[in-house]
Structure formats: C-alpha cells, structure tokens
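Remarks on the overall topology
Here is how the chains run, residue by residue.
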Amino acid sequence: MNPNFENIYQEQYSKVIRLCLGYVNGDGDLAKDLAQEVFIKVWEHLDSFRNESSISTWIYRITVNTCLMQLRRKTRTVPLKNIEKSEVDDHTEDEVQKEKQLIQLHACISKLFDVDKSVILLELEGLPQKEIAEVTGLTHKSVRVRIHRIKEKLLKCIRHDNI
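Residues numbered from 1 in each chain as written. Predicted model: local features only at pLDDT ≥ 70, side-chain atom pairs only at ≥ 80, totals over all residues. Heavy atoms only, no water.

**A short note on helix H7 (residues 129-136)**
- Every buried residue of H7 is accounted for by Glu131, Ile132, Ala133 and Val135.
- Taken together, the buried residues of H7 touch helix H3 (55-73), helix H6 (114-124) and helix H8 (140-160).
- One or two steps after H7, the chain reaches glycine 137, where phi turns positive at roughly 85°. (Buried < 20%, exposed > 50% of the residue type's maximum accessible area, 1.4 Å probe, protein only. Helix = DSSP H or I, 4+ residues; strand = E, 2+ residues; numbered from the N terminus. Contact = heavy atoms within 4.5 Å.)

Here it is as structure tokens:
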C-alpha cells in the first residue's frame, strides 16, 4: 500500500526543492515551479508506484527528469540573482561569505553536463551512491568515478572560475 500523498509531500519537499535549486542556479521561483511540477507528477502517478525502489528514489528520479526537461526547454541559462544590499545588511560577514560561496558553487555546477549535474546534486543531497546509480541509470562504479572527477572539476572551477 502506498503512503498517503500529504505525508510524502511533507517528507520529500525540502529534498526536492534543494535538488531543483541546484539545477536552476539558485532561482527560487523557478525551483518552486519545478517542485510543484514534480509533486503534480507524483500525485498523478502515485497509484502506479510499484515499490521496486524506495519512494524517495522514485521521487528523485521524477525530480531529475523534470529538471532536465526544463533545462532542455530553455536554451539560455537562468542568471544568478544578485544579493541585494538589504539582504547583505541583515547578515553577518560569515553568512554573506557562505552565501557567495554557495552562489559560486551553483554557478560551477550549472556548467556541468546534465548527467554529471544530476550525480553531484544527488551526492550533495546525501543520497547513497547506489541510489544515485539507480536514479541515473549508471553503474555504482561509474557513479564513484564520476563523483571523484566532478569534485575535481568543481574545485578547479571555484579556484579559476571555469571548468
């Protein structure tokens, strides 16, 4: 028997929105739209969920596919929002620095190929590598290797602002 939709939504929303944010360069409005689209799909197809994987893995797969379809529909990248002065005034220096680093990380992630983007966003979400393999259709070994290579690319990007 499938869990009820309200419980699924409450348990999974924060994970879905974070994953969506990673795909859209931190654009909160677009991430919310994508998350809404994900949960509409979950609602529509919940009866067909076969428990062959965990519900969270199934929802991650829907989220990744929804975000990738959005990226394919858009031919241009979504610009990062600038930190407004009023936001800076309300935060401590450490919070501002962390926010800048997060924006830089999202910018570097956005430069990755779709599969690599999926792998690293799921890794950052804390998904076990075997589940990442299941969501992406890659082998577990391939996921391990990709994560290592992606981390190297992201480090290079952050240090030199390119991939």
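**Considering the environment of asparagine 4**
- Looking at the secondary structure, you find asparagine 4 in the segment before helix H1 (5-23).
- At 2.9 Å, the side chain of asparagine 4 and the backbone nitrogen of glutamate 6 are in polar contact.
- Side-chain polar atoms of asparagine 4 contact the backbone nitrogen of asparagine 7, separated by 2.9 Å. (Polar contact = N/O pair within 3.5 Å; in protein donor to acceptor, adjacent residues only side chain to side chain.)

**Some words on the packing of helix H5 (residues 93-110) against H8**
- Between H5 and H8, whose axes approach to 9 Å, the crossing angle comes to 125°. Here H5 is positioned oblique relative to H8, judged by the angle of their axes. Of the two elements, H5 crosses H8, and the hand of that crossing is right-handed. Here H5 contributes Gln104, Leu105, Cys108 and Ile109 to the contact with H8, which in turn contributes Leu154, Cys157 and Ile158.
- For the contact of H5 with H8, a count of residues per class yields six nonpolar, one polar and no charged. (Axes fitted to C-alpha atoms, helices over the stretch in contact; angles between N-to-C directions. Parallel < 35°, antiparallel > 145°, perpendicular 65-115°, else oblique. Left-handed = near helix turned anticlockwise from the far one by under 90°. Nonpolar A, V, L, I, M, F, W, Y, C, P; charged D, E, K, R; others polar.)

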